[in-house]
Each structure stands twice: as structure tokens, then as C-alpha cells.
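Read off the chains here:
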Amino acid sequence: MRTTRRTNRTARTAAALVAVIALAAGCSGSGGKDSEDKADGPSGGKGVTTPRLKIAMITHSGEGDTFWDIVRSGAKQAAAKDNVDFLYSNDKEAKGQAELVQAAIDKKVDGIVVTLAKPEAMQAVLAKAKTAGIPVVSINSGSEFSAKYGALSHIGQEEAVAGEAVGTKLTEEGRKKTLCIIHEQGNVSLEQRCAGVKKTFKGTVENLNVDGTNAPNSQSSIEAKLQADKSIDAIVALGAPIAALAVKAKGDAGSKAEIATFDLNAEVVRRLKAKEVTFAVDQQPYLQGYLAVDELWLYKTNGNVLGGGKPVFTGPALVTEKDVPQLEKYTARGTR
């Protein structure tokens, strides 16, 4: 597994977090039987006896994006361990997401986890959360806006750095023209990924905007572009569902372009194994969900803040077919 230059710092942060969690769990007792049963799972451990908290996660996810299933899986596991009532909601439209954050404030939740894909729309409502005394942790997107908007910390990957790693990899493989597919217009993280690719790729990068919530139209758009421009020899999908569409579009267009993707799921791992996808960028979404809920629990029960005011990185790492044996069992259960 190939990682970028920030991997060592991420490992140290994760190791320190594990130590903090272990200490907190050891001091809190074994918990009731019900919380113990809920806590059993991939990460092991038993539930705590701290007061029950209510934590809301509001994301910009659109329909059919399996990435967020993995984020929620991690969040639910942490919630079970931490005696947390976990509330999830999402809206791909910025206005709708802001309204969901306001609804969480009105419910007087104990903490909010939020994505900042379209950050300007979230600024005012996050100010209201701060006024209400509700701590916020941002995940996945908009890391540069996190502290500015009052969040305790940001958990995710640095998108530009991830894109740069992809551009470097494609250059090493001798590719000349890359199609970078943006499946949600206005999402700053997706734009940063393509900009990162363009920064380090020695050939030409062209962006293609598609509607990621409309699979047939997205596939048709990719296919049409590949048919119109035979010089495209690399495709970068910015999400696992788009990678699947790109594989189909490539076949129908008779293209020989290499396909790389951001993010993992079970299908991407199968396509890595079949050599239909050359490599994937793993930002560990399970960890993003888990750490966000766990940080809010640590903050509410022990005053802890992760990262010392800096983002906590969960990626990126580049994975290839060589990593499939290690990843298959985790993606099959929805945790990678």
C-alpha cells in the first residue's frame, strides 16, 4: 500500500487516540449489558457508563453514494461504544443541509458532525451552533474552513494532496491525457482533487461535470466524451459509484483508458482484482465517522480535542490489486 507524505503523522495521531480511548474505557467500567451487546463488532470493546449523549451527523451525500454508508458504519460503532444516540441526515443541496443542521440545533443535540462541501452555506448555521454551545466536528470536506467556522477539528484527507498523488502516479505510468469526472458541481473537495491531479500530472487534464445522482446520464456523458476524444488514456473517478459507471462507459466506447478512483467499497476492490480499475485512493471513511463521534464524546466527557487545532488526516493512501487480499474482508463487511 502506497501512502503520501502525511501518513506517518496520521499514524501517530491514530495511535495516540487509541491510547486515550483505551484509558477512558478502562476508567469508566464495563457498562450495562445492553450497551455491551451494542458495542460488540469489528472494533471490539465494551460500552461506557458515561451519560447518554445525542450526536447528529449531517452530510452533503446524494442518493446512491455508498461512501456515506461506510462513514455511518464507523459512526454507529463509536456511538454504540460511547452510549450515544446517533442521528444521521443528509441533503445534497447546500440550503437543505443547512436546514438539517438548524433542525439538529433545535433538538438541542450534544454535538454535531458536519461536512463542508459547500462551506459558505454552512457558515451562518454553524455560528448558531456555537452560540447554542453545541460543539461541532467537521469531516471529509472543507478542512480549510473548519476552524474558521468554529469546529473543534477536522477529520479527513487533504484533498489537494490526494489529487497530487494521483497525478504523480499517472505520470509515472506514462499517461498523456486524463479525464477527471466531477460528480457534484460546486463541491470544493471534488474541485480540489482535480486541481491536485492537474498540478502534478505532466500531461493534459480535462474536467467533466456529471450528475452523480443520475447514473444513466452520468454513464452516457462519460461514454460520449471517450468516443469524441480517443486521446484520453486515463480516467479519474472521484467516487466509487462513478468508477463503476466509468468501467461500463469505457467498454461501450471501446476505450483503452486506464481507470483510477477515489474511495473504496466492495465493488472497487473486485474491480481492482479484475484489473478493471488500476488503483484507488483510500481516505478511510469508516475512520472519519468513528473518530468524529468519538471526539465529541471525548470532548463532552473529558475535554479532549484531537489534532491540536490542526486537521486529523485519515488518508490518502493509494491501493492496488496487490492490496486486495488485505482489503476484501473489510470491504465485504462495509468498514473499508
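Reading guide: rules and limits
- Numbers given to residues run from 1 along each chain, matching the order in which its sequence is written.
- Reporting in this predicted model follows two pLDDT cut-offs: at least 70 for local features of residues, and 80 or more for side-chain atom pairs to be given and counted; totals over whole chains, interfaces and linings ignore these cut-offs and use all residues.
- With hydrogens and water stripped out, all remaining heavy atoms of the structure feed into the side-chain values.
- Angles shown run from 0 to 180 degrees and are taken between the N-to-C directions of axes, each axis being a line fitted to C-alpha atoms and, for helices, limited to the stretch in contact.
- Under the DSSP-based scheme used, a helix requires at least four consecutive residues in state H or I and a strand at least two consecutive residues in state E, with every element numbered from the N terminus.
- The cut-offs work like this: below 35 degrees is roughly parallel, past 145 is roughly antiparallel, 65 to 115 is roughly perpendicular, and the gaps in between are oblique.
- By convention, the crossing between two helices is left-handed when the near helix turns anticlockwise from the far helix through less than a right angle, and right-handed when the turn is clockwise.
- Contact between two residues is taken to exist if any of their heavy atoms lie within 4.5 Å; hydrogens are not considered.
- Note on classification: 1.4 Å probe, protein chains only; a residue is buried when its accessible area is under 20% of the maximum for its type, exposed when over 50%, partly exposed between these limits.
- Paired strands are those between which DSSP finds at least two bridges.
- Clockwise travel from the first strand over the helix to the second, with the strands pointing away from the viewer, marks a crossover as right-handed.

(A) How the structure looks around the packing of helix 9 (residues 215-228) against helix 10 (residues 240-253). Here helix 9 crosses helix 10 at 45°, and the two axes come no closer than 8 Å. Comparing the axis directions of helix 9 and helix 10 gives the class oblique. Crossing geometry of helix 9 relative to helix 10 is assigned as right-handed. Residues Ala215, Ser218, Gln219, Ile222, Glu223, Leu226 and Gln227 of helix 9 touch helix 10, and the partners they reach there are Ile242, Leu245, Ala246, Lys248, Ala249, Lys250, Asp252 and Ala253.

(B) Representation of the pairing of strand 5 (residues 136-139) within the structure. Burial of strand 5 is two-sided: the residues Val136 and Ser138 facing one way and the residues Val137 and Ile139 facing the other way are all buried. Where strand 4 (residues 111-115) lies against strand 5, four bridges are found, and the strand directions are parallel. Its bridge partner being in strand 5, Ile112 is matched across the sheet by Val136. Taken together, strand 4, helix 5 (residues 123-131) and strand 5 form a β-α-β motif whose crossover is right-handed. Sheet analysis places strand 5 next to strand 6 (residues 154-157), joined by two bridges and oriented parallel. The residue of strand 6 that forms the bridge with Ile139 is Ile155.

(C) Local environment of the sheet that holds strand 4. Strand order across the open sheet formed by six strands is 3-2-4-5-6-12, with parallel pairing between neighbours. Of all the strands in the sheet, just strand 3 (84-90) and strand 12 (312-315) have a single pairing partner and so form its edges. Geometrically, the sheet is characterised by an average inter-axis angle of 20° between neighbouring strands, direction not taken into account. Pairing geometry for strand 6 and strand 12, over three bridges, is parallel. Paired with Gly156 across the two strands is Phe313, which belongs to strand 12.

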